[in-house]
Amino acid sequence: MAILALATLQRQVVVVGLLLVPVLAVVCWARLSPISYRRLLADPLWRRRTGRAVRKQWPLIAEACGLSRRTPRVALALVTPPLGVIGPSERVVVPTLRGMSWAGHQLTLRPALLLGQTIGDVEEATERLRLAVAAHRVRVAPDEDQISCRIICRFGDVLAEPFATPLPEADHLPLTRVCLGRTEDEQPWTVDLRVSTLTAGASGAGKGSVMWSLMVELAPAAHAGLVQIHGIDLKGGMELGLGRPLFTRYADDPGTAVRLLEDAVEECERRARGMVGVAREHVPSVEAPLVLVLIDELASLVAYLPDRDLLRRAEVALARLCSIGRAPGYFVFGFLQDPRKETLKARHLFQQTIALRLRDREEVAMVLGDGAISAGAAAHRIPRSTPGVGFALDDAGRLVRVRAGFVDDHAIREIAHRYPAAAQIPVEPLEVDPARPPRSRSPRSRNSEAA
Ligand SMILES: Nc1ncnc2c1ncn2[C@@H]1O[C@H](COP(=O)(O)OP(=O)(O)OP(=O)(O)O)[C@@H](O)[C@H]1O
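Residues numbered from 1 in each chain as written. Predicted model: local features only at pLDDT ≥ 70, side-chain atom pairs only at ≥ 80, totals over all residues. Heavy atoms only, no water.

1. Topic: helix H4 (residues 126-133)
Note that an α-helix has 3.6 residues per turn; residues three or four places apart therefore point the same way. Every buried residue belonging to H4 is among Thr 126, Leu 129 and Val 133, and all of these are buried. The arc that holds every buried residue of H4, seen down its axis, measures 65°, which confines them to one face. Those residues of H4 that are buried are in contact with helix H2 (34-64), helix H3 (119-124), strand E6 (137-142) and strand E7 (149-154). Trailing H4 by a residue or two, Ala 134 shows a phi angle of about 55°, which is positive. (Buried < 20%, exposed > 50% of the residue type's maximum accessible area, 1.4 Å probe, protein only. Helix = DSSP H or I, 4+ residues; strand = E, 2+ residues; numbered from the N terminus. Arc of directions from axis to C-beta. Contact = heavy atoms within 4.5 Å.)

If you want it as structure tokens, here you go:
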């Protein structure tokens, strides 16, 4: 009897042991190597479960999100399978799911649009779809043919954690594109250097990280003399002052800033004249470097200056530089908090724009264009807790969610020490007649401009 009980106990121990070993192995794996555990086991299982649920629930999701239609039975031959019978003469039809694929934490759905349905209809349902599938973000991307679209659902936020911009080696000399951080697709975020670029973001949105990531990337080329960075900081140099040696020319008061801009226009025009009949596109060299005019808080220069003459001259020079600078290799990189037209009349002259956290939908449309929010670029919903996150619109009209790398004060000092600009050219301040008081903008003229 006792032997029998012992044998039973032994068998039970073996069974429990056999069950426990894999569980313990998985727990140990998850603890000892969480990255491989997630990549090889947890994430594939989660993708499988989520994908199945979305596929199974798709008809209900599409219906609840407003993508269905009630159709007379007679039209059924034209449309996709019915969701249910409403009455003797009507049925609900939804777009069929033609395909579904995963890339990391991104699920792409390919719906077959119903007859008469547009890509815009699907875009309008973006926010409802996001909540229905519990995704962090959903965007609708038209296919190349512009007659079908993909619904791209992203689960989790790969840009939630901040990261530092790496300091470059001396032989890192980018002259066409610069890397400012990472994209949502976990790719390097690069922007075109040869396009005037506007970055807008509310206070604390992280404009500094876009600006300094750009400076860090360009520092070796500025040191080698292939690029000149002309800096304007009318906050008294509070932002750019820390990296002063990186700038070939620098201004932190209105008179000097306007002179710097006008000098740049003059040089740009001279270079353009020299190129006539020789070349259509400028190739940067030490003799004729690419010139980047970097302006922090652009509004201080073109909207808030109390001296009306200076303000008008700044506006004219900025517009001129943005419009003629491309071929001769002169570009403006401007940063500002308030993107309204009253603040920046030349807004449309910036072909590449970046929207960090903004205050409302109107501001998003001003920076990224009217269709940006329905395409998923809700910059006004970026939380305060993720400075440096934003949406970038390149000159080809592509919108991408990005995060700029962070550059701390120590890194700025280090880069300024390692790669000072090849030359430092002082700017002659404008001669302001002390007898003439600055002409302030009258309330009347302000009103007429705003109108
Ligand atoms: N990419 C980033 N990653 C992590 N933290 C960041 C990033 N960018 C900025 N921060 C932090 O967010 C805060 C605000 O950033 P920043 O000063 O660049 O904002 P801003 O848009 O320039 O604001 P303002 O217009 O008021 O100067 C800073 O304390 C900075 O440490």
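Read on for the rest.
2. Some words on the pairing of strand E11 (residues 227-233)
Of all seven residues making up E11, seven are buried, and the element is well covered by its neighbours. Neither face of E11 is open: one carries Val 227, Ile 229, Gly 231 and Asp 233, the other Gln 228, His 230 and Ile 232, and all of them are buried. Bridge analysis of E11 against strand E12 (residues 249-251) gives three bridges, and the strand direction is parallel. Bridge pairing in E12 links Gly 231 to Tyr 250. (Pairing = 2+ DSSP bridges.)

3. Here we look at the site of the ligand
Around the ligand, the surrounding shell holds 17 residues, and the nearest of these are Ser 203, Gly 204, Lys 207, Gly 208 and Ala 404. The side chain of Lys 235 places a nitrogen or oxygen atom 3.4 Å from an oxygen atom of the ligand. The separation between a nitrogen atom of the ligand and a polar main-chain atom of Ala 404 is 2.8 Å. Protein contacts shield 71% of the accessible area of the ligand, which totals 620 Å² for the unbound molecule. Secondary-structure elements contributing two or more residues to the shell around the ligand are helix H5 (207-224) and strand E17 (399-404). If you tally residues by element for the shell around the ligand, the top one is H5, at three residues. Within the shell around the ligand, the residues separate by chemical class into six nonpolar, eight polar and three charged. (Near = heavy atom within 4 Å. Polar contact = N/O pair within 3.5 Å; in protein donor to acceptor, adjacent residues only side chain to side chain. Areas by Shrake-Rupley, 256 points an atom, 1.4 Å probe, with all protein chains shown as cover. Nonpolar A, V, L, I, M, F, W, Y, C, P; charged D, E, K, R; others polar.)

4. A closer look at the UniProt feature "binding site: ATP" (unreviewed entry) in the protein
Feature annotation in UniProt assigns "binding site: ATP" (unreviewed entry) to the following positions: Gly 201, Ala 202, Ser 203, Gly 204, Ala 205, Gly 206, Lys 207 and Gly 208. Structurally, the position occupied by Ser 203 is in the loop between strand E10 (197-200) and H5. Leave out the neighbours within four places in its chain, and Ser 203 touches Gln 337 and Arg 357. Along the chain, Ala 205 turns up in the loop between E10 and H5. Take Ala 205: its relative accessible area is 2%, and that puts it in the buried class. Not counting the four nearest positions on each side in its chain, Ala 205 is found in contact with Leu 356, Arg 357, Pro 387 and Gly 388. (UniProt positions renumbered as here; feature names shortened; annotations may be inferred.)

5. Examining the sheet that holds E11
One open sheet holds the 10 strands; their spatial order is E9-E8-E17-E16-E15-E10-E14-E13-E11-E12, and the pairing between them is mixed. In the strand order of this sheet, the two ends are held by strand E9 (188-192) and E12, each with one partner. Within this sheet the neighbouring strands show an average axis-to-axis angle of 25°, counted without direction. Lying on the sheet, helix H6 (residues 254-275) is in contact with E11, E12, strand E13 (290-296) and strand E14 (330-336); it crosses E12 at an angle near 145°. Each of E13 and E14 is contacted by helix H8 (residues 308-324), which is oriented at about 125° to E14, the strand it contacts most. (Axes fitted to C-alpha atoms, helices over the stretch in contact; angles between N-to-C directions.)

6. A short note on unusual backbone geometry
Of note, Gln 146 is a non-glycine position whose phi angle comes to about 65°, a positive value. Residue position: Gln 146 is located in the loop between E6 and E7. Phi is positive for Glu 186, close to 65°, though the residue is something other than glycine. Given a relative accessible area of 55%, Glu 186 falls into the exposed group.

7. Some words on the side chain of Gln 228
Mapped onto the fold, Gln 228 is located in strand E11. In this structure Gln 228 comes out as buried when scored by relative accessible area, which is 19%. For Gln 228, the residues in contact, after removing those within four places along its chain, are Thr 248, Pro 289, Leu 290, Val 291, Leu 292 and Ile 425.

8. With respect to the environment of Ala 365
Residue position: Ala 365 is located in helix H9 (residues 361-368). Note on Ala 365: relative accessible area 25%, which makes it partly exposed.

9. Here's the deal with the packing of H2 against H4
Axis separation between H2 and H4 bottoms out at 11 Å; the angle between their running directions is 140°. Put simply, H2 runs oblique to H4. Once H2 is placed against H4, the crossing between them reads as right-handed. Here Val 54, Trp 58 and Ile 61 of H2 lie close against H4, whose contacting residues are Leu 129, Ala 132 and Val 133. Tallied by class, residues from the contact of H2 with H4 come to six nonpolar, no polar and no charged. (Parallel < 35°, antiparallel > 145°, perpendicular 65-115°, else oblique. Left-handed = near helix turned anticlockwise from the far one by under 90°.)

10. Side note on the domain arrangement of the protein
By domain assignment, the protein separates into domain 1 (30-154) and domain 2 (177-432). Just the C-alpha atoms count here: the centres of domain 1 and domain 2 sit 40 Å apart. Across the boundary between the two partners, domain 1 contributes 10 residues, which contact nine residues of domain 2. Of all residues in domain 1, the largest losses of buried area upon contact with domain 2 belong to Arg 137, Arg 139 and Arg 154, amounting jointly to 58% of the total for that side. Summed over the shared surface of domain 1 and domain 2, the number is four salt bridges. As a salt-bridge pair, Asp 185 and Arg 154 come within 3.1 Å of each other at their nearest N and O atoms. Linking domain 1 with domain 2 are four residue pairs in polar contact (both at pLDDT 80 or more). Of all the secondary structure elements, the ones that give two or more residues to the side of domain 1 that touches domain 2 are H4 and E6. Of the residues forming the side of domain 1 that touches domain 2, the biggest block, four residues, is contributed by E6. Split into classes, the residues belonging to the side of domain 1 that touches domain 2 amount to two nonpolar, three polar and five charged. (Domains from an automatic or database assignment. Buried area = accessible area lost by both parts, 1.4 Å probe. Salt bridge = Lys/Arg side-chain N within 4 Å of Asp/Glu carboxyl O.)

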